[in-house]
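# Inside the fold
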Amino acid sequence: MQTIFVQVKCELGRAYDVADLAVQTVPEVSEVHSVSGQYDLMMKCFLEDGEDIGHFVTGQLQTLDGVKDTFTIITFKAFS
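Everything numeric here is computed off the predicted structure, so don't read it as measured data.

## Topic: the overall build of the protein
From N to C terminus, the protein includes 2 helices and 4 strands. Listing each helix as α and each strand as β along the protein from the N terminus yields β-α-β-β-α-β. Against the globule reference of 12 Å for 80 residues, the protein gives a C-alpha radius of gyration of 12 Å, in line with a compact fold. Along the longest, intermediate and shortest principal axes, the C-alpha atoms of the protein span 35 × 25 × 20 Å. When each of the 80 residues of the protein is scored for burial, the buried share is 31%. Here the contacts in the protein between residues at least 6 apart in sequence split such that 67% fall between residues at least 24 apart.

## Brief notes about the nonpolar core
Counting 20 residues, the largest nonpolar core has I4, V8, L41, M43, F56 and L61 as its most contacted members. In contact with M43, not counting residues within four places along its chain, are I4, F5, V6, V8, V18, A22, V29, E31, V32 and L61.

## Some words on the pattern of salt bridges
In this structure the tally under the stated criterion is 3 salt bridges. Across the pair R14 and E11 runs a salt bridge, and its minimum N-O distance is 3.5 Å. For the salt bridge of D17 with R14, the shortest nitrogen-to-oxygen distance reads 3.2 Å. Each of E11, R14, D17 and D65 takes part in salt bridges that share partners, so that together they form one network.

## Observations regarding the pairing of strand β3 (residues 41-47)
Residue alternation in β3 divides its side chains into a buried set, L41, M43, C45 and L47, and an unburied set, M42, K44 and F46. Note that strand β2 (residues 29-34) and β3 share 5 bridges and pair antiparallel. Looking at the pairing, V32 lines up with M43 of β3. Linkage of β2 to β3, two consecutive antiparallel strands, is achieved through a turn of 6 residues, within which G37 is found at a positive phi near 110°.

About the thresholds
Just so you know, the residues in each chain are numbered from 1, in the order the chain's sequence is written. Predicted model: local features are reported for residues with pLDDT of at least 70 only, side-chain atom pairs are reported and counted for 80 or more only, and whole-chain, interface and lining totals are derived from all residues. Note that the side-chain values use all heavy atoms of the structure and ignore hydrogens as well as water. Under the scheme used here, helices are H or I runs from DSSP no shorter than 4 residues and strands are E runs no shorter than 2 residues, and both carry numbers assigned from the N terminus. With C-alpha atoms as the basis for the radius of gyration, the globule rule is written as 2.2 Å multiplied by the number of residues raised to the power 0.38. In this scheme, a residue with accessible area under 20% of its type's maximum is buried, one over 50% is exposed, and one in between is partly exposed, where area comes from a 1.4 Å probe on protein chains only. We call two residues in contact whenever any of their non-hydrogen atoms come within 4.5 Å of each other. For the purposes of this section, nonpolar cores are sets of buried Ala, Val, Leu, Ile, Met, Phe, Trp, Tyr and Cys residues that join through side-chain atoms within 4.5 Å. By salt bridge we mean one thing: a side-chain nitrogen of Lys or Arg within 4 Å of a carboxyl oxygen of Asp or Glu. A pair of strands counts as paired when DSSP detects no fewer than two bridges linking them.

By themselves these figures say nothing about function.
Written out as structure tokens, the structure is:
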């Protein structure tokens, strides 16, 4: 399993709509947080090993209604 974080910039006034749509329709999306700064949302996603991250982001997240831009962070190791 691979974990990625995707920061999402939304159309004005659409952040909550995008967050709800992502958690309801994209099974790989584990959590969505509203954040401050250049982006509106931070999505935590779990992908199967070997799944193409680029295809997932461009095909599943960037196509959500209300998404303007994304920034993907690939993780290496989780510490607990």
